[in-house]
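Spelled out, the chains give:
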Amino acid sequence: MIKIGQLAKKIGISKKTLYHYENVGILKPSLIKDNGYRYYDEQAISQLQRILLLKSIGYTLEQIKILFDSESETGENQTWIHSLSEQVKLIEAEKERLSRLQYYLNATIHVIKLKGHLEPQEMLDVIEDLNRRTLVNGIIPARFDEALEITKEQKEILERLPVIGSDDPRLEEILSIFNEVRDILHMDPKSNTVQQIAHTLYIKTLELFEGDEELMNFYWELINPSSDNELVLGMNTEVTAYIDKMFYHYENNKAKKEERKEKNE
């Protein structure tokens, strides 16, 4: 047997911790002498190692005590299997909670990037809206009405679009362009600067829709927010209205270039 100080040093914990384990009833000394010295045998050391193992996988001292107390009532292996299974369920629930929290934070960051700012109440509204939706594999996937007049292939393209709150790098590219647009709202949408941004946004957006320009235009009309409807979190009516103007002139310029090209041919 070894003294409490030797055990503490050997295991790498404090004597105070060993006293605490004794007080809560999960590790009794093998021997307490008249002078108060505590000694621990191999069985007690094994019990301590079990405590440390359980703590390392998330057990509280209360849970450990319940486990140890129940071992005397049922078979040891059966008790451990049941307890560990319960611990797995708790961990899964915590993973779900943390995953949802991570998504909320990312989604709120993305909405701020889209809108340029967000008041505390608006942030609460965003989180409340997200809380009503179902989390799947760490994100809230886009859901589209089955009645949409698009092909099966087009619907699959929509379902592959990056989602607000996800870590899809394509989303960051689009958010960056939206930030640029918000900074140029004061400029003439026909200007060269604005039209260069329109071209970049057109190319990047067309990539998202895998080259399907018809679907890209359909989706833009679908998500363009009205005063009382916001299908995509963070979509800003002022910004989307300006983008409409940008693309009106961009499409006109594109059509003129194509017309001149046909004449030259």
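- Per an unreviewed UniProt entry, the protein chain is named MerR family transcriptional regulator, and its organism is Shouchella rhizosphaerae.

1. A few points about the side chain of serine 166
Inference 1: In this structure, serine 166 sits in the loop between helix H7 (152-159) and helix H8 (169-183).
Inference 2: The buried category is assigned to serine 166, whose relative accessible area is 10%.
Inference 3: For serine 166, the side chain forms a polar contact with the main-chain nitrogen of aspartate 168, separated by 3.4 Å.
Inference 4: The residues touching serine 166, leaving out its near neighbours within four places in the chain, are Tyr103, His110, Ile139 and Leu171.

2. As for H7
Inference 1: Residues of H7 that are buried: Gln154, Lys155, Ile157 and Leu158. Summarising the axial view, the buried residues of H7 lie within an arc of 155°, below the 170-degree limit, and thus occupy one face. Opposite the packed face of H7, turned more than 90 degrees from it, sit the exposed residues Lys152 and Glu153.
Inference 2: Residues of H7 that are buried in the fold lie against helix H9 (192-208) and helix H10 (213-223).

3. With respect to the packing of aromatic side chains
Inference 1: Counted under the stated rule, the structure contains three aromatic pairs.
Inference 2: Ring centres of tyrosine 202 and tyrosine 250 lie 5.3 Å apart, and the angle between their planes is 45°; on these two criteria the pair is classed as tilted. Separated by 48 residues along the polypeptide, tyrosine 202 in helix H9 and tyrosine 250 in helix H11 (residues 237-264) bring together distant segments of the chain. This pair shows no difference in class: tyrosine 202 is buried, exactly as tyrosine 250 is.
Inference 3: Aromatic side chains phenylalanine 209 and tyrosine 219 sit 5.3 Å apart centroid to centroid with 55° between the ring planes, which places their arrangement in the tilted category. Residue phenylalanine 209 is located in the loop between H9 and H10, and its partner tyrosine 219 is located in helix H10; the two are separated by ten residues in the primary sequence.
Inference 4: With relative accessibility at 3%, the residue phenylalanine 209 sits in the buried group.
Inference 5: These aromatic residues form a ring-pair network of at least three members: Tyr202, Phe247 and Tyr250.

Rules of the game
- Residues numbered from 1 in each chain as written.
- Predicted model: local features only at pLDDT ≥ 70, side-chain atom pairs only at ≥ 80, totals over all residues.
- Heavy atoms only, no water.
- Helix = DSSP H or I, 4+ residues; strand = E, 2+ residues; numbered from the N terminus.
- Buried < 20%, exposed > 50% of the residue type's maximum accessible area, 1.4 Å probe, protein only.
- Polar contact = N/O pair within 3.5 Å; in protein donor to acceptor, adjacent residues only side chain to side chain.
- Contact = heavy atoms within 4.5 Å.
- Arc of directions from axis to C-beta.
- Phe/Tyr/Trp six-rings, centres within 6.5 Å; stacked < 30°, edge-to-face > 60°.

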